[in-house]
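Observations on chain architecture
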Amino acid sequence: MFWKLTLLVLVSYQLHMSQCGLFDRLRNLFRGNPTIIRPSQVIRQDCLNHADTGNCQFYSCFRQRWATCPDRHDIIVKLVLPICNKYDNNFDSFNQEGQDFIMDSRKCLMSWMKTQYQANTLKCHDFKHDLERTNAQCMASSNFCRIVINKQNIQAFFNVIKDDVNISLIKNLVRIGASCSRTGLQNLLRLARDKLAIIG
């Protein structure tokens, strides 16, 4: 019964976010998409180096270059950079496969973001949704399903998400885990249960 309730909560949240995304797209269609911006800072070589090495500092560089994105689209400050730092703080809690996953998926995402970083303009709304989709693809292609069958890694994931103020990360983890083995998905659902218990 609990698993059905957990899935219902996560699916309802995903539906809500999808509807919000549809509303944003329709609004931008009629308004001419006002969130196309130009960079606030020149391209820096040290920032490109951060992207190549998977350093969380690249996200700060990205935010500084595209500083005028409206707050509602600022997924870098609200989610990506904080989660990156939490992965670093809990890096040693993962086993070797888990550590490889963190770095491989991070470099995959940063490789895509590096192109956006060097662009002449940025569509803030489109970037937000493209980033979420690309991140899911990078995680799936970096052996995510292998590491979530390991209890050590699941506990490490919990340490990463336990202080997060919303369920955005666990929602993404469960969504990606839907294609994993039954054991992996069950572990992720337990993670969702524990997270939901914390936030009430």
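Residues numbered from 1 in each chain as written. Predicted model: local features only at pLDDT ≥ 70, side-chain atom pairs only at ≥ 80, totals over all residues. Heavy atoms only, no water.

The helix and strand inventory of the protein chain stands at 10 helices and two strands. For the protein chain, the sequential pattern of α-helices and β-strands runs α-β-α-α-α-α-β-α-α-α-α-α. Of all 200 residues assigned to the protein chain, the portion counted as buried reaches 43%. Within the protein chain, counting contacts between residues at least 6 apart in sequence, those at least 24 apart form 75% of the total. Roughly 10600 Å² of accessible area belongs to the protein chain as shown, and the carbon and sulfur atoms make up 54% of that amount. (Helix = DSSP H or I, 4+ residues; strand = E, 2+ residues; numbered from the N terminus. Buried < 20%, exposed > 50% of the residue type's maximum accessible area, 1.4 Å probe, protein only. Contact = heavy atoms within 4.5 Å. Areas by Shrake-Rupley, 256 points an atom, 1.4 Å probe, with all protein chains shown as cover.)

This paragraph deals with the state of the cysteines. Within the structure shown, the criterion is met by five disulfides. Each sulfur in the disulfide pair Cys 108 and Cys 138 lies 2.1 Å from the other. Disulfide Cys 108-Cys 138: the torsion about the S-S bond is -70°, which places it as left-handed. Placement of the pair is Cys 108 in helix α5 (residues 96–117) and Cys 138 in helix α6 (residues 124–140), with a sequence separation of 30 residues. Each disulfide of the protein chain joins two cysteines, and with those cysteines numbered along the sequence the arrangement is 1-3, 2-5, 4-7, 6-8, 9-10. (Disulfide = S-S within 2.5 Å.)

By the element assignment, Gln 99 lies in helix α5. Among the residues examined, Gln 99 registers a relative accessible area of 15% and is labelled buried. Each residue touching Gln 99, except ones within four places of it in the same chain, is listed here: Phe 91, Asp 92 and Phe 94.

What follows concerns the nonpolar core. Side chains of a nonpolar character, in soluble globular proteins, are inclined to be buried together. Counting residues in hydrophobic clusters, the biggest one holds 51 residues, and the most contacted among them are Phe 144 and Phe 157. With seven residues, the top contributor of residues to this core is helix α4 (residues 75–89). Apart from residues no more than four positions distant in its own chain, Phe 157 is found in contact with Tyr 87, Phe 94, Phe 101, Phe 144, Ile 147, Val 148, Leu 173 and Leu 191. (Core = buried A, V, L, I, M, F, W, Y, C linked by side-chain atoms within 4.5 Å.)

For the rest of this paragraph, the subject is the confidence of the model for the protein chain. Parts of the model with low pLDDT should not have their predicted coordinates read in detail. Per-residue confidence for the protein chain averages 83 on the pLDDT scale, and 78% of its residues sit at or above 70. The element-level mean pLDDT for the protein chain is lowest in helix α1 (residues 2–31), coming to 46, with helix α2 (residues 45–53) highest at 98. Low confidence marks residues 1–21, where pLDDT is under 50. Its contacts with residues over four positions away, or in another chain, come to 23 contacts. (pLDDT = per-residue confidence, 0-100.)

With that settled, the discussion passes to the environment of Asp 163. Topologically, Asp 163 is positioned in the loop between α8 (151–161) and α9 (168–177). Spatially, the C-alpha atom of Asp 163 lies 9.1 Å from that of Lys 195, the residues being 32 residues apart in sequence. Residues within four places of Asp 163 in sequence aside, it is in contact with Lys 86 and Lys 195.

Attention now goes to empty space enclosed by the protein. According to the stated counting rule, one finds one cavity of 30 Å³ or more in the structure shown. Space inside the largest cavity adds up to approximately 70 Å³. Around the largest cavity, the lining is made up of 10 residues, and of these Phe 62, Cys 69, Asp 74, Ile 76 and Phe 127 lie nearest the centre. Among the elements of the structure, α3 (57–65) and α4 are those that each provide at least two residues to the lining of the largest cavity. Taken together, the residues of the lining of the largest cavity break down into seven nonpolar, one polar and two charged. (1 Å grid on protein atoms, 1.4 Å probe; cavity = no way out; pocket = protein on both sides within 12 Å on 5 of 7 lines; lining within 4 Å. Points joined across faces, edges and corners; volume = space filled by probe spheres on them. Nonpolar A, V, L, I, M, F, W, Y, C, P; charged D, E, K, R; others polar.)

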